[in-house]
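Working through the structure, step by step
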Amino acid sequence: MKRITLILALLMLITTPVYAVQKTEEKIHFIDVGQADCTLVESNGMYMLIDGGEEDDGEPIIKYLKDNGVDKLTYIIATHPHADHIGGIDDVIDSFVTENVIMPKVSATTYCFERMINSIARSKAKVIEPVQGAVYTLGDFTFTILGPKHYDSDDLNNDSVAIKLVNKNDSFIFTGDAQTEEENDIIDSGIDISADVLKVGHHGSHSSTSDAFLNKVAPEYAVISVGEDNSYGHPAPSTMEKLNNRNIKIYRTDIHDTVTAVSTGNGITFTENSVGGGARQSSAAVGGSVRTAQTYILNKNSMKFHKDTCVYGKKTSPTNKLVYTGYADTIKALGYTPCKVCNP
Ligand SMILES: [Zn+2]
Ligand SMILES: [Zn+2]
């Protein structure tokens, strides 16, 4: 009897300190919403949503948030008023107590913008206009507003709220659909934008992710939120080439579905196709035949494309060569024809 008591006491001594240092998770969910954007950031039971997918993504996003224990959103960042970023935000605000909405001071004459504004008005949320350099906290995270520095009347994409999110030694950059112009403003701010993870701007469009910007961020990982077989040809082969040339590990929501990143403050671990699934089931999963992305070699001069094992592909001169990981029909949609030898 005494021995059991002693063992129990010892066990308690061993286990108690474990409870005392129990750590909450700092986690980022890049939610699969097809050709749109939606990211959930969580720390210590506090949550921030960056963008809210397309108009018909509201319901699935709400389900994803509930499945992941969200009860209240401390921040929503509505990066810019395009439908693929704010489409589902009205439904989210109507479903969760939302404390703050950070959004650029620009408007759009679209139904989705009007609906978002009406939802904000119905809620008790405070609207915050982004100011470059302003710093906010979310649990163990801090985030700094990188842009917009000023508003671009010609292109709402350049009005995107951009942030650097930091948990001790781990850092993430989000730029919405910022184009090279806004990226340059961010570089000019002198704010340290080096980061471990870059959420690639504008779904991987060729008009974002300039070499100058990429060199400053110098990420180890890149995440691209993009729809399967989208009509925009996103991500652009040129963007993929820039990332591949720098040996950046790439995660894509069209291939990996929802991607989550856990940050310890001293390292980041990625998980693909997270539990709870994406907000939108990929058509590949629905159809039962899962397509896997392949790596292809594209020749910008001949407009032909090859399997990466093809001898003709390998012979392509470096100036004409693009390396692209994705689907053959996406490449065909960009105007490339398949090599008759390797038949990609
Ligand atoms: Zn946009
Ligand atoms: Zn977009």
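No experiment lies behind these values; they were computed from the predicted model shown. (Residues numbered from 1 in each chain as written. Chains lettered and ligands numbered in written order. Predicted model: local features only at pLDDT ≥ 70, side-chain atom pairs only at ≥ 80, totals over all residues. Heavy atoms only, no water.)

1. So, the coordination of the zinc ion (ligand 2)
Around the zinc ion (ligand 2), the protein contributes the donor atoms Asp84 (OD), His85 (NE2), Asp177 (OD) and His203 (NE2), which lie 2.1 to 2.2 Å from the metal centre. Around the zinc ion (ligand 2) sit four donor atoms, and with donor-metal-donor angles ranging over 83 to 144° the site reads as irregular. Between consecutive donor residues of the zinc ion (ligand 2), the sequence gaps follow D-H-x91-D-x25-H. Metal-to-metal, the separation of the zinc ion (ligand 2) and the zinc ion (ligand 1) is 3.7 Å; Asp177 coordinates the two. Highlighted residues: His85 in helix 3 (residues 83–86) and His203 in the loop between strand 11 (197–199) and helix 7 (211–217), separated in sequence by 118 residues. Residue His203 is classed as buried on the basis of its relative accessible area, which comes to 2%. (Donors = N, O, S within 2.8 Å, 3.2 Å for Na, K, Ca; no water. Tetrahedral: all angles 85-135°; square planar, octahedral: opposite > 155°, others 65-115°. Helix = DSSP H or I, 4+ residues; strand = E, 2+ residues; numbered from the N terminus. Buried < 20%, exposed > 50% of the residue type's maximum accessible area, 1.4 Å probe, protein only.)

2. Some points on helix 2 (residues 58–67)
The α-helix winds at 3.6 residues per turn, so residues separated by three or four positions along the chain end up facing the same way. Turning to helix 2, its buried residues are Gly58, Ile61, Ile62, Tyr64 and Leu65. Taken end-on, helix 2 shows its buried residues confined to a sector of 160°, consistent with a single buried face. Opposite its buried face, helix 2 presents the exposed residues Glu59, Lys63 and Lys66, each directed more than 90 degrees away. Considering only its buried residues, helix 2 is in contact with strand 1 (26–30), strand 2 (39–43), strand 3 (46–50), strand 4 (72–77), helix 4 (89–95) and strand 14 (259–263). Just downstream of helix 2, Gly69 is the residue with a positive phi angle, here 85°. (Arc of directions from axis to C-beta. Contact = heavy atoms within 4.5 Å.)

3. Observations concerning the coordination of the zinc ion (ligand 1)
Only His80 (NE2), His82 (ND1), Asn157 (OD1) and Asp177 (OD) from the protein reach the zinc ion (ligand 1) as donors, at distances of 2.1 to 2.2 Å. Classification of the site at the zinc ion (ligand 1) as irregular follows from its four donor atoms and the range of 87 to 171° in their angles at the metal. In primary-sequence terms, the residues that donate to the zinc ion (ligand 1) follow H-x1-H-x74-N-x19-D. For His82, a relative accessible area of 26% translates into the label partly exposed.

4. Describing the packing of aromatic side chains
Throughout the structure, instances matching the rule amount to seven aromatic pairs. In this structure an aromatic cluster arises from ring pairing among Tyr75, Tyr136 and Phe143. In this structure, Lys249 packs its charged tip against the face of Tyr251, placed 4.9 Å from the ring centre. (Phe/Tyr/Trp six-rings, centres within 6.5 Å; stacked < 30°, edge-to-face > 60°. Lys NZ or Arg CZ within 6 Å of the ring centre and 35° of its normal.)

5. Thoughts on the layout of surface pockets
Quantified by volume, the largest pocket comes out at close to 170 Å³. Tallied by class, residues from the lining of the largest pocket come to one nonpolar, six polar and four charged. (1 Å grid on protein atoms, 1.4 Å probe; cavity = no way out; pocket = protein on both sides within 12 Å on 5 of 7 lines; lining within 4 Å. Points joined across faces, edges and corners; volume = space filled by probe spheres on them. Nonpolar A, V, L, I, M, F, W, Y, C, P; charged D, E, K, R; others polar.)

6. As for the sheet that holds strand 5 (residues 97–102)
If you walk across this open sheet you meet the eight strands as 6-5-4-3-2-1-14-15, and the pairing is mixed. The outermost strands of the open sheet, each flanked by one partner alone, are strand 6 (126–128) and strand 15 (268–272). When strand polarity is set aside, the average angle formed by the axes of neighbouring strands in this sheet is 20°. Examined bridge by bridge, strand 5 and strand 6 share three bridges and lie parallel to one another. Bridged to Asn100 within strand 6 is Lys126. Against the sheet, helix 2 makes contact with strand 1, strand 2, strand 3, strand 4 and strand 14, and its axis sits at roughly 20° relative to strand 2, the strand it touches most. (Pairing = 2+ DSSP bridges. Axes fitted to C-alpha atoms, helices over the stretch in contact; angles between N-to-C directions.)

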